[in-house]
Amino acid sequence: DSGVTQTPKHLITATGQRVTLRCSPRSGDLSVYWYQQSLDQGLQFLIQYYNGEERAKGNILERFSAQQFPDLHSELNLSSLELGDSALYFCASSARGTGSVTEAFFGQGTRLTVV
Amino acid sequence: GDSVTQMEGPVTLSEEAFLTINCTYTATGYPSLFWYVQYPGEGLQLLLKATKADDKGSNKGFEATYRKETTSFHLEKGSVQVSDSAVYFCALTYGSSNTGKLIFGQGTTLQVKP
């Protein structure tokens, strides 16, 4: 158990809909990262938050957004969903946002299926 | 841009065979290098890491050496077990000025048969 909790584990929704994925980081970790894992793109970094502030952005679509709340949990919002958004979405947390490298701990992921 | 390239899978081995999974990287600076493992139905777990050239990371019988001259970080294990069957990801990130985001290779599936 990594200590990172993601909900829900599975999500099936229709094209055009909007969903919210939730992540609770390990206790004390200030950084939250979101990654998308798909068969054609592999594991891609989407976005990072550190202590409530956006820290880094990767290949995240404009239809996607995220935020980190004062209690440090994070949500990834995906809207106007397309079939190609079907993927496994991982959240990871680490103790720091910059500085010396620290280990990132991954949740078990949310499998999103868009039909 | 920065990237990681892993050998194509799947890799199928018999139990107790020697394992090598190749990983090379392209980076403008001096990254830290990682191997993560993903067991079926689970998230990624850090297997080992190396933060500077010539460092050797090791864990659970797996080893990888950070080779700056060949920009490589190949994963090795002397004797694999069925329980090692998983997907292995090589990844990099930067140190002092980086946010900690990881750049992953495409993953290599390892299947170990009894």
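None of these values were measured; they are calculated from a predicted model.

Participant: Which parts of the structure should I look at to understand the pairing of strand 11 (residues 110-114) of chain A?
Facilitator: On a regular strand, each side chain points to the face opposite its neighbour's, so the side chains alternate between the two faces of the sheet. All names here are of chain A. Only one face of strand 11 is buried: it carries Thr110, Leu112 and Val114, and the other face, with Arg111 and Thr113, is open. With four bridges joining them, strand 2 (residues 10-13) and strand 11 adopt parallel strand pairing. Bridging across to strand 11, Thr13 finds its partner in Val114. In this sheet, strand 11 lies alongside strand 9 (residues 87-94) in antiparallel orientation, the contact comprising three bridges. Along strand 11, the bridge assignment pairs Ala87 with Leu112.

Participant: Before we go on, may I ask you to explain the interface of chain A and chain B in this structure?
Facilitator: Quoted interface sizes are often the accessible area lost when the parts come together. Residue-level contacts link 20 residues of chain A with 20 residues of chain B. Summed over both sides, the interface of chain A with chain B buries roughly 1600 Å², with 60% coming from carbon and sulfur. Across the chain A-chain B interface, the total number found is zero salt bridges. Here chain A and chain B share three residue pairs in polar contact (both at pLDDT 80 or more) between them.

Participant: Help me out: how do you make sense of the state of the cysteines in this one?
Facilitator: By definition, a disulfide links the sulfur atoms of two cysteine residues through a covalent bond. Residues and elements named next belong to chain B. Here the structure, examined in full by the defined rule, presents two disulfides over all chains. With a sulfur-sulfur separation of 2.0 Å, Cys23 is cross-linked through a disulfide to Cys90. Between Cys23 and Cys90, the disulfide has an S-S torsion of -70 degrees and is therefore left-handed. With Cys23 in strand 4 (residues 23-26) and Cys90 in strand 10 (residues 86-93), this pair connects stretches of sequence that are 67 residues apart. When its relative accessible area of 1% is taken as the criterion, Cys23 is described as buried.

Criteria and cut-off values
- Residues numbered from 1 in each chain as written.
- Chains lettered and ligands numbered in written order.
- Predicted model: local features only at pLDDT ≥ 70, side-chain atom pairs only at ≥ 80, totals over all residues.
- Heavy atoms only, no water.
- Buried < 20%, exposed > 50% of the residue type's maximum accessible area, 1.4 Å probe, protein only.
- Helix = DSSP H or I, 4+ residues; strand = E, 2+ residues; numbered from the N terminus.
- Pairing = 2+ DSSP bridges.
- Contact = heavy atoms within 4.5 Å.
- Buried area = accessible area lost by both parts, 1.4 Å probe.
- Salt bridge = Lys/Arg side-chain N within 4 Å of Asp/Glu carboxyl O.
- Polar contact = N/O pair within 3.5 Å; in protein donor to acceptor, adjacent residues only side chain to side chain.
- Disulfide = S-S within 2.5 Å.

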